[in-house]
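# A closer look at the structure
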Amino acid sequence: MQVYVDRAKCDNHGQCTFSAPTVFRLDEQGVLQYEENVDESLRDEVEEAADVCPLQAIFIK
Amino acid sequence: MSTDIAVPYLDISDPTFAMHSDQVRDARAQHWYAKTNYGYAILRHEYVSKLLKDPRLSQGSGQWPDHNGVHSGLFYDWWTTCLLVLEGDNHHRIRRLLNPAFSPRHIEAYMPAFEALADELVDSFIDKGEFEVVNDFSEPYATRVLCILTGIPQSEWTTIARLASTIGLALSISIKDELPNIEDALAELYGYAEALIADRQANPKDDLVTKLVQANAAGDTLSDSELRNALCLLIFGGMDTTRNQIGLGLREFMRRPDQWELLAANPDLARNAVEEVMRMNPTTTWVTREAVVDLDYEDLHVPAGSTVHFFTQVSGTDPEAYPNPEMDITAERAPHYGFGGGMHHCLGHFVARMDMTIAMRILSQKMTNLRLGGTEEWLPDSANTGPVRFPIAFDKR
Ligand code: HEM
Ligand code: SF4
């Protein structure tokens, strides 16, 4: 599964990191870092992250 | 750090202190933060955006009861374990279990009910040509929205409003004197929440409380008391805020009839209109944090334990981030921080955004030529602000 975060929208609130901590994390500067190629077994977690993102910046292919 | 930078000073407990003032605008022009009599105030958008989410700052109001002589009891136990003041994994765990039920996917189902409510309230005064915003619209609307969301019968909204505002006294310095009343109100609200939880456990429905009862993250669930505490927090946190924000939005539009007419002609702009009024006039004019450790950022040194206020209205009108800060409901803007930010970012923002969008759309469809209809009264322009009394006269469309 392909994960894409629209950087122009993302405001680094980190809510996605609660839902899918192995896919999304905030680095030391507080900037979102994420995996682009994610195992299908994590689909539920990633979909939850996309649902709850305050800026609706996460897209899944 | 060098000390040759002149850091402005703001006396935020002066009764005449106001966010909309030359003093505050000058401070923002002079430097990105100010010293205040209670810690520091961050004034510019870029820095609010950066530091509001910094994990070296905690929400900080967890110690509020202790600082005011309250060290135990029903209110104490609720406050010190509720989402707003939890930090780290304890916060993230509960927040994760709550978040999905508040996502657009689930919240949109409530749209028809919110629309029906807005229509009903507007119909009650539309032929009079005047209304008092708080009594006739924003307070019943904000409270009944929460009733709809939680499944409490709307007929009980006045009780819910009374309980939430009594619990709200806990945030004032009279917390100790009012404690028996606060605890009675909280116990009564617990009763509502516990009954809802027990009912949805026995009879699941397609609604928010059922989703929360069934919320499950890798086998982890909310205990009954965690869910009860969260339901009480969202009633408490969602009511005054929404009520005040609607009033502030209407005042903004009353000053700009051109924008009101633009909205009436283009109802699809309502969502953006809500963003615009929250940027210019958020009810939560500051969000407060406390440094967990010593924090250094550029020339700012915040010792551990000190307070940092994030000035949301001031950052929302910062000319650096908003070169044309005048109201424009068609503009695409950098995000505002009227819903806070970071891990404590408002849980109910999709609800609030949707219900205020509906309110602004329906009000603009039905009335024009808004003007002051009597004596208005407003809370101070700092902390949490909004109208106490705001009569509007209008022409029916
Ligand atoms: C216009 C309306 C609203 C405004 C302006 C608003 C504003 C805020 C702000 C600024 C915060 C962050 C506080 C902080 O970081 O110190 C917050 C948190 C919160 N809000 Fe809202 N809110 C609104 C509506 C709602 C609604 C309708 C609900 C519930 C349905 C709600 C539930 C919450 C909760 C539970 C938190 C705590 C989140 C956490 O700590 O993780 N709010 N809100
Ligand atoms: S929740 Fe959304 S805005 Fe926040 S860091 Fe994740 S992608 Fe960015």
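Notes on the structure in this doc start here. Here the structure is a predicted model, which is why all the values come from computation and not from measurement. (Residues numbered from 1 in each chain as written. Chains lettered and ligands numbered in written order. Predicted model: local features only at pLDDT ≥ 70, side-chain atom pairs only at ≥ 80, totals over all residues. Heavy atoms only, no water.)

Residues and elements named next belong to chain B. Scanning the entire structure with this criterion turns up 21 aromatic pairs over all chains. Between the aromatic rings of Phe75 and Trp79, the centroid separation amounts to 5.9 Å while the plane-to-plane angle is 15 degrees, which identifies the pairing as stacked. A residue pair is termed a helical-turn pair when its members lie 3 or 4 positions apart in one helix, as Phe75 and Trp79 do in helix α4 (residues 74-79) at 4 residues. A residue is classified by how much of its surface remains accessible, and Phe75, at 1% relative accessible area, is buried. (Phe/Tyr/Trp six-rings, centres within 6.5 Å; stacked < 30°, edge-to-face > 60°. Helix = DSSP H or I, 4+ residues; strand = E, 2+ residues; numbered from the N terminus. Buried < 20%, exposed > 50% of the residue type's maximum accessible area, 1.4 Å probe, protein only.)

Before going further, it helps to examine the interface of chain A and chain B. Each side of the interface is counted separately: chain A has 14 residues, and chain B has 22 residues. Interface area, chain A with chain B, both sides summed: about 1500 Å², of which 51% is carbon and sulfur. Counting every contact that joins chain A to chain B gives 3 salt bridges. Here Lys53 of chain B and Asp11 of chain A are joined by a salt bridge, their closest N and O atoms 3.0 Å apart. Counting the contacts that link chain A with chain B gives 11 residue pairs in polar contact (both at pLDDT 80 or more). In terms of residue count, helix α2 (residues 43-52) of chain A provides more of the side of chain A that touches chain B than any other element does, 4 residues in total. When its residues are assigned to classes, the side of chain A that touches chain B shows 4 nonpolar, 6 polar and 4 charged. (Contact = heavy atoms within 4.5 Å. Buried area = accessible area lost by both parts, 1.4 Å probe. Salt bridge = Lys/Arg side-chain N within 4 Å of Asp/Glu carboxyl O. Polar contact = N/O pair within 3.5 Å; in protein donor to acceptor, adjacent residues only side chain to side chain. Nonpolar A, V, L, I, M, F, W, Y, C, P; charged D, E, K, R; others polar.)

Compared with the 46 Å implied by 1.5 Å per residue over 32 residues, the 47 Å span of helix α12 (residues 224-255) of chain B between its first and last C-alpha is a close match. Counted residue by residue, α12 of chain B has 25 buried out of 32 residues, so it is predominantly covered. (Expected span 1.5 Å × (residues − 1).)

Residue and element names in this part refer to chain B. Here we have 3 strands laid out as an open sheet, ordered β5-β13-β10, and antiparallel in their pairing. The outermost strands of the open sheet, each flanked by one partner alone, are β5 (130-132) and β10 (367-372). Along the sheet, successive strands turn relative to each other by an average axial angle of 30 degrees, direction set aside. The pairing of β10 with strand β13 (residues 391-396) spans 4 bridges and is antiparallel. Bridge pairing in β13 links Thr368 to Asp395. (Pairing = 2+ DSSP bridges. Axes fitted to C-alpha atoms, helices over the stretch in contact; angles between N-to-C directions.)

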